[in-house]
Amino acid sequence: MSAKSNALTNAQQSSAKAPANKSVFSSFRFPSGLKVKNRLVKAAMEENLATIEQVPSHTLLTMYRKWAEGGVGLILTGNVMVDHLAMTGPGGLALEKSSDITTFTQLANESKINGCKVVMQINHPGRQVFSKMGGKVLSASDVALDMGKHSHLFGQPKAMNEAQIQDVIKRFVQTAQRAEEAGFDGVQIHAAHGYLLAQFLSPLTNKRNDNWGGSIENRARLLLTITREIKQACGAGFCVSVKLNSADFQRGGFEPADAQDVVDMLGELNIDFVELSGGSYEAPAMQGNTADTRTLAREAYFLEFSQAISAHSSVPIMTTGGITRLPVAQKVVDSGVALVGMATALAFTPDLPNQWQNHHGVTSALPKVTWKDKTLSGLATMALVKRQIRRVGEGKSPQGKLSPIISLILDQVRTAKLTKRYRKRFSDELS
Ligand SMILES: Cc1cc2nc3c(=O)[nH]c(=O)nc-3n(C[C@H](O)[C@H](O)[C@H](O)COP(=O)(O)O)c2cc1C
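Residues numbered from 1 in each chain as written. Predicted model: local features only at pLDDT ≥ 70, side-chain atom pairs only at ≥ 80, totals over all residues. Heavy atoms only, no water.

### A short note on the packing of helix α8 (residues 256–268) against helix α9 (residues 303–311)
Two quantities define a packed helix pair, namely the angle between the helix axes and the distance between the axes. Packing of α8 against α9 leaves a shortest axis separation of 10 Å and a crossing angle of 40 degrees. Classified by the angle their axes make, α8 and α9 are oblique. Helix-helix and strand crossings are classified by hand; for α8 and α9 the assignment is right-handed. Taken together, the residues of α9 that come into contact with α8 (itself represented by P256, A259, Q260 and V263) are F305, A308 and I309. Tallied by class, residues from the contact of α8 with α9 come to six nonpolar, one polar and no charged. (Axes fitted to C-alpha atoms, helices over the stretch in contact; angles between N-to-C directions. Helix = DSSP H or I, 4+ residues; strand = E, 2+ residues; numbered from the N terminus. Parallel < 35°, antiparallel > 145°, perpendicular 65-115°, else oblique. Left-handed = near helix turned anticlockwise from the far one by under 90°. Contact = heavy atoms within 4.5 Å. Nonpolar A, V, L, I, M, F, W, Y, C, P; charged D, E, K, R; others polar.)

Written out as structure tokens, the structure is:
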């Protein structure tokens, strides 16, 4: 075990930082100067509510207004793609050099009411592309997703060449510049959950022996280069953050000690904050499930890792996963972790922060689908959450009890329609 792993294990076992005695409702200022009114953050959720032009729809604008009204200090958007030919799913947003930013500006404005701030999450799926979508399936190496009997649903990736790597760097920077132009307070670079940048970080998917593979310095080079270039290209007050896995939760994958190294490297770039999550499509730890024997906490899945990393770093840390109750959110802040991320709870209860101000005991149920087929359970959970988001975006109230099976069927039908729309729209460019 390396010295770093030892330090991390020791820190995990200790109570880490002394309680900061800060309320979740206290304000927080990022290194770039951006100030949020409280520590509660709406974490990224891909809604699949873009128009055919891959820009925000009216439904999406309504949903973001509801979140801003609901009392969070910061909204992280669902992931926005840096390349319209490399999409995590149909109905997704893409923001490129030539995109019309009118509705992105509206999205920023809707999100900024009630003193809320908004940061756009930007992403490239790498190998996590559904075969039915088509388009580019690129990765660090040609390692395909292993989803057991569902593996065929995903494309076979090609190892990226130098020109493709440079193209991706340029695209991330351009998307960040467009987000700034549209009025967003910052960007979050998605380097978690098994997407492209996580594929470069993980030894399981990065088998390269050039400058982009091997040591953790080399595996992190793509993320670091993108972060550095975005910071150079955007204004000094523009908030730049990264979503990072605390671990892949797969043996031989990206480990907590790697995460600590990457946070240290990002700290040298004076990054605003790192959101810690975990897992990928293969091992969906972010849904509270792990593929290996290490267990996650029942609530605040990644708090232990976040606390340990936070104790060793000057970079503000945010933890996301499983948080639905105020005492748990407060425990996060008390343990020295700066920000509390919530996704599912805010899809079901968009005004949870406002409710917590008056009734400390209010909680938001997380949908838990426990079918035997873990992949289908995961898809049904996502479908339930997205259905809730659509309801609120359409001006309806959230509904506590929705059937997982019906939600999954509706989602599959909707996804098939949106995939067809996407393929037709880009038939000239898709292979
Ligand atoms: C419907 C849905 C879509 C999601 N989309 C994204 C995304 O675009 N980017 C991202 O970083 N995480 C995404 N996530 C993961 C969440 O940000 C979060 O890490 C995870 O759901 C755990 O937090 P929670 O327990 O509060 O939901 C998504 C989660 C759900 C349920």
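### Looking at α9
Within α9, seven of the nine residues are buried, which leaves it mostly tucked inside the rest of the structure. Here α9 has its buried residues at L303, F305, S306, Q307, A308, I309 and S310. (Buried < 20%, exposed > 50% of the residue type's maximum accessible area, 1.4 Å probe, protein only.)

### A word on the pairing of strand β7 (residues 117–123)
Across the seven residues of β7, six count as buried, placing the element largely inside the fold. Relative to β7, strand β5 (residues 80–81) is paired through two bridges, and the arrangement is parallel. Across the sheet, the residue bridging to V80 is I122, located in β7. The sheet contact formed by β7 and strand β10 (residues 186–191) spans four bridges and is parallel. Bridge pairing links V119 to G186 in β10. (Pairing = 2+ DSSP bridges.)

### Considerations on the pairing of strand β11 (residues 239–245)
For β11, the buried fraction is high: seven of the seven residues fall into the buried class. On β11, burial covers both faces: C239, S241, K243 and N245 on one face and V240, V242 and L244 on the other are all buried. As judged from the six bridges shared by β10 and β11, these two strands associate in the parallel manner. In the sheet register, V187 faces β11, and the bridge partner there is V240.

### Observations regarding the site of the ligand
Close contacts around the ligand come from 20 residues, with A44, E46, Q121, G322 and T344 the closest. Take A44: an N or O atom from its main chain is 2.6 Å from an oxygen atom of the ligand. Within the complex, the protein chains bury 94% of what would otherwise be the 600 Å² of accessible surface of the ligand. Counted by class, the shell around the ligand contains eight nonpolar, nine polar and three charged residues. (Near = heavy atom within 4 Å. Polar contact = N/O pair within 3.5 Å; in protein donor to acceptor, adjacent residues only side chain to side chain. Areas by Shrake-Rupley, 256 points an atom, 1.4 Å probe, with all protein chains shown as cover.)

### Comments concerning unusual backbone geometry
Located in the positive-phi region is Q54, a residue other than glycine, with phi close to 65 degrees. Mapped onto the elements, Q54 comes out in the loop between β3 (40–42) and α2 (58–69). By relative accessible area, which is 6% here, Q54 ends up buried. Here N114, not a glycine, exhibits a phi torsion of approximately 65 degrees, which is positive. Accessibility expressed as a relative area gives 42% for N114, which makes it partly exposed.

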